[in-house]
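Architecture at a glance
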Amino acid sequence: MNAHLPVLPVLVPMATAVLLIFGQAWSRGTRRWLSMAGLVVQGAVLATLGGVLAGQGPQAYFLGNWSAPFGIVLVADHLSLWLLWTTWALATAALVYACRGADGVNRRFHVLFHFQLMGINGAFLTGDLFNLFVFFEVLLIASYTLLNHGGGKARTRAALHYVTLNLVGSSVFLIALGMLYASLGTLNMAHLSERMAAVEGTAETLARGAGYLLLLVFGLKAALVPMYAWLPRTYAAASGPVAALFAIMTKVGVYAVLRIFTLLYGEQGRLAGLGDEVLFLVALLTLAAGSLGVFSAHNLRRLSAWMVVLSAGILMAAVAMGGAELLGAMLYYLAHTTLATGLLFLLADRIRERGGAEADDWRLASLPSPGPALGILFLVAAVAAVGLPPLSGFFAKAQLLLASHDHDWSWWYWLALLGSSLILLLAFSRAGSSLFWRRSGQAMAGYEPLAVLVLAGLAATLLVLALAQQPLMELAAKAAADLLDVDAYRQLVLGKEAG
Amino acid sequence: MELLLSLAIGWLVACGVYLLLRARTFPVVMGLTLITYAVNLFLFASGGITDAGAPVASTDGPWTDPLPQALVLTAIVIGFAMTAYIVILSLRALGDLGDDHVDGDRLPPEDQP
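Presented here is an overview of the structure given in this document. This is a predicted model, so every value here is computed, not measured.

**Some thoughts on the overall build of chain B**
Of the regular secondary structure elements, chain B holds 3 helices and 0 strands. Shown N-terminal to C-terminal, the secondary structure of chain B runs as helices and strands in the order α-α-α. Counting only residues that meet the buried cut, chain B has 33% of its 113 residues in that class. A total of about 6700 Å² of accessible surface is found on chain B, and carbon and sulfur atoms cover 70% of it.

Laid out in structure tokens, this is it:
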């Protein structure tokens, strides 16, 4: 069984989703339990996989036993595991929250939810560039439909833009893949990385073009300037649990840049360090755009959506700067920001459930206040998101600052990170005081202990991130080390000594 | 042969981009379809263009790289599904927004989420 572990994070959500397709006639309760059971099994798989990784190091899985580079290979290392756990934690919170009633609008919600997880998990695990494209499409087509969950004009319009943009993105992705195949004759990432180290002549020109095209595609997925404008409207239009799950989707883009630009355009060969300057500049611009956006938002949904843009900037700048220590800090920040924005999206949704569709708009001071329970949860989310002690955001940002201090570009990074944090502090103070204090005295109707419990659970994971900061940072550092050890990756996949 | 193929791909992309920028759902769908065709041809050519060669590696006789053909097959299937989805979405947008412009026209800007 252990030999098949790396493929299970893809197979479990797929099996759950397929089972749920056939279970359309079952009662809503049965489908919910089945859906949750799928996530529980997935958690168990990840725990086992973690144990195997700790004991035996990174694992490669050859689908159909076709040896690399001919068949498709999945690679499970600490980086993949770290991202799989982040996805799992976020998905669990979103699913439990949705099971309170939001999943009833469409009986295929659970099916799509698990197909989306399958795509995300697959993208984190695959060691084949074309397979990465396929998993991107799996997660995208599930997200197209999930975005429309609940219906409504705003969602239809956001979906139209989102789908069109991503279809164009997929086309560019395919063109980049064609160029890489034409120049290097392979699509296996380890094999590509080996051949890229020796590339020259016409192939080098093609590979360079492909690199910039890939940067463009992943920049679109991660919502970098100038391709970020789709995100706030899309995420703000999606229903609460869906938007919360979408918080991990831009991180898939960040992961793709991280993995591919380390393996293919990393340290060896004539194309080493391709695009680092462009990526850093674009990431800083994204940070600036995100900061302006956070300040311009007038409801909690928009504020959270702009938070996603802002964090993509922080992450990508760290990716562009590189270095084991900084990447470790960046991975810790990635887990933190994903969970924190997920919590914010769910909070905004809960406030709207209780007070009406516009209840999270803080300009409407005549509406009732969301009450103390949600207020405390908002405080926790805000403290974490801004990066104040004692929650995880503080440790993440402090570590990012510490790890980047001796880099050539550190001055810019410090300025951007600290400046954006100050703006976040102002934006969240304004949002919180207007939403919870400046509103008329009575509390909103419809207090629901279960909802508060789910949100508190997600808030508690932020607390755990902060309390277990030491061991988690070590895990993140191990993930960064696995990522940067390109030789070990090649040896694992191609099964021969690096040379 | 190479020149003809590259011109065809370039022309398809040019027409596709033009249609995409028309910002009406029907031309947008057509534009996306044209771009998908161009991408499929591009992928097909990425293994090198061989005339009358079998897609199997053999020592004697001309042979053509089979992998791009497999890739194109996958890309066609995915492209087909995505086109079907965006056609349905466009129809729904026509019903919901009352206009075939990608931004709709019934929704005032303030009504955005």
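Now that the structure has been shown, the text picks up again.
**Some remarks on the overall build of chain A**
On a plain count of helices and strands, chain A comes out with 20 helices and 4 strands. For chain A, whose C-alpha radius of gyration is 22 Å, the value lies close to the compact-globule estimate of 23 Å for 499 residues. For chain A, the spread of C-alpha atoms along the three principal axes comes to 70 × 55 × 40 Å. Out of the 499 residues in chain A, the part that is buried amounts to 63%. Long-range pairs, those at least 24 residues apart, make up 80% of the contacts in chain A between residues at least 6 apart in sequence. For chain A, the accessible area works out to roughly 17100 Å², and carbon and sulfur atoms hold 67% of it.

**Description of the pattern of salt bridges**
Enumeration over the complete set of coordinates arrives at 15 salt bridges over all chains. In this structure, D487(A) engages R490(A) in a salt bridge whose closest nitrogen and oxygen atoms are separated by 3.7 Å. One end of the pair, D487(A), and the other, R490(A), are both in helix α20 (residues 486–494), 3 residues apart, so they sit about a helical turn from each other. In this structure, R24(B) engages D100(B) in a salt bridge whose closest nitrogen and oxygen atoms are separated by 2.5 Å. In this pair, R24(B) sits in the loop between α1 (2–20) and α2 (25–45) while D100(B) sits in the segment after α3 (67–97), placing the two residues 76 residues apart along the sequence. In this structure D100(B) comes out as partly exposed when scored by relative accessible area, which is 28%. A single salt-bridge network, built from bridges that share partners, covers R100(A), R350(A), E353(A) and E448(A).

**Some thoughts on the interface of chain B and chain A**
Contacts between chain B and chain A engage 34 residues on the former and 36 residues on the latter. Regarding the contact of chain B and chain A, the summed buried area is about 3200 Å², with carbon and sulfur atoms giving 73% of it. At the junction of chain B and chain A, the tally comes to 0 salt bridges. Seen at the junction of chain B and chain A, the total is 6 residue pairs in polar contact (both at pLDDT 80 or more). Going through the elements one at a time, α2 and α3 of chain B are the ones with two or more residues in the side of chain B that touches chain A. Sorting elements by how many residues they give to the side of chain B that touches chain A places α3(B) first, with 15 residues. Partitioning the side of chain B that touches chain A into residue classes produces 21 nonpolar, 7 polar and 6 charged.

**Examining the nonpolar core**
Residue and element names in this part refer to chain A. The biggest cluster of nonpolar side chains holds 210 residues, and the ones touching the most others in it are L132, L180, F218, M330, L400 and F428. At 18 residues, helix α14 (residues 324–355) tops the list of elements feeding residues into this core. With residues up to four places along the chain from it excluded, the contact list for F428 reads L303, M307, L344, F378, A382, A385 and V386.

**Some thoughts on the pairing of strand β1 (residues 59–62) of chain A**
In regular strands, side chains alternate between the two faces of the sheet. Residue and element names in this part refer to chain A. Of the two faces of β1, the one lined by Q59 and Y61 is fully buried and the one lined by A60 and F62 carries no buried residue. Of the pairings in the sheet, the one linking β1 to strand β2 (residues 73–76) comprises 4 bridges and is antiparallel in character. Bridged to Y61 within β2 is L74.

**With respect to unusual backbone geometry**
P226(A) follows V225(A) through a cis peptide bond whose omega is 5°. Mapped onto the elements of the fold, P226(A) is located in the loop between α8 (202–221) and α9 (230–237). Residues P389(A) and P390(A) are joined by a peptide bond in cis, for which omega reads 10°. Tracing the backbone through its elements, the reader meets P390(A) in the loop between α15 (372–386) and α16 (392–404). Residues other than glycine seldom take positive phi values, yet A23(B) does so here, at roughly 60°. Here A23(B) is to be found in the loop between α1 and α2.

**A closer look at the side chain of T262(A)**
Residue and element names in this part refer to chain A. Its location among the elements puts T262 in helix α11 (residues 249–263). Reaching out from T262, the side chain makes a polar contact with the backbone oxygen of L258 at a distance of 2.4 Å. With near-sequence residues (within four places) excluded, T262 lies in contact with V257, L483, L484 and V486.

**A closer look at the packing of helix α5 (residues 129–147) of chain A against α3(B)**
Put simply, α5(A) and α3(B) touch, their axes get as near as 12 Å, and they point 10° apart. Considered as vectors, α5(A) and α3(B) are oriented roughly parallel to each other. Across from F130(A), F133(A), V134(A), E137(A), I141(A), Y144(A) and T145(A) in α5(A), the residues of α3(B) making contact are L71(B), T74(B), I78(B), M82(B) and Y85(B). Per-class residue counts for the contact of α5(A) with α3(B) are 9 nonpolar, 2 polar and 1 charged.

**Describing a nonpolar patch on the surface**
All names here are of chain A. A surface patch of nonpolar side chains, about 430 Å² in accessible area, is lined by L11, M14, V18, I21 and F22. Looking at where V18 falls in the secondary structure, it is placed in helix α1 (residues 8–22). Under the relative-accessibility criterion, V18 is labelled partly exposed at 33%.

Cut-offs applied
- All residue numbers refer to position in the chain's written sequence, counted from 1.
- Here chains are named by letter from A upward and ligands by number from 1 upward, in the order in which they appear as written.
- This being a predicted model, a pLDDT of at least 70 is required before a residue's local features are given, and a value of 80 or more before pairs of side-chain atoms are given or counted; all residues contribute to the totals for chains, interfaces and linings.
- Only hydrogens and water are set aside when side-chain values are computed; all heavy atoms of the structure are taken into account.
- Elements are defined by DSSP. Helices are runs of H or I of four residues or more, strands are runs of E of two residues or more, and each kind is numbered from the N terminus.
- When a residue's accessible area, from a 1.4 Å probe over protein chains only, is under 20% of the maximum for its type it is buried; when over 50% it is exposed; and in between it is partly exposed.
- Here, Shrake-Rupley sampling with a 1.4 Å probe gives the accessible areas, and only protein chains in the shown set may cover a residue.
- Every radius of gyration here is taken over C-alpha atoms, with the globule rule written as 2.2 Å times N^0.38, N being the number of residues.
- Throughout, a residue-residue contact means that at least one pair of heavy atoms, one from each residue, lies within 4.5 Å.
- Just to be clear on terms, a salt bridge is a Lys or Arg side-chain nitrogen sitting within 4 Å of an Asp or Glu carboxyl oxygen.
- Simply put, the buried area is the total loss of 1.4 Å probe accessible area from both parts when two parts are fitted together.
- Polar contact is defined as a pair of N or O atoms within 3.5 Å, subject to the rule that within protein one atom must be able to donate a hydrogen and the other to accept it, and that residues adjacent in sequence are counted only when both atoms are side-chain atoms.
- Three categories are distinguished: nonpolar for Ala, Val, Leu, Ile, Met, Phe, Trp, Tyr, Cys and Pro, charged for Asp, Glu, Lys and Arg, and polar for the others, with Gly belonging to the last.
- As used in this record, nonpolar core signifies buried Ala, Val, Leu, Ile, Met, Phe, Trp, Tyr and Cys residues forming a set joined through side-chain atoms within 4.5 Å.
- Two strands make a pair as long as DSSP finds a minimum of two bridges between them.
- Every axis in this analysis is a line fitted to C-alpha atoms, fitted for helices over the stretch in contact. Angles between the N-to-C directions lie between 0 and 180 degrees.
- Small angles under 35 degrees read as roughly parallel and large ones over 145 as roughly antiparallel, with 65 to 115 read as roughly perpendicular and the rest as oblique.
- Each patch is assembled from residues with relative accessible area greater than 30% and no salt bridge, linking like charges that lie within 9 Å and nonpolar side chains (Val, Leu, Ile, Met, Phe, Trp, Tyr) that lie within 5 Å.

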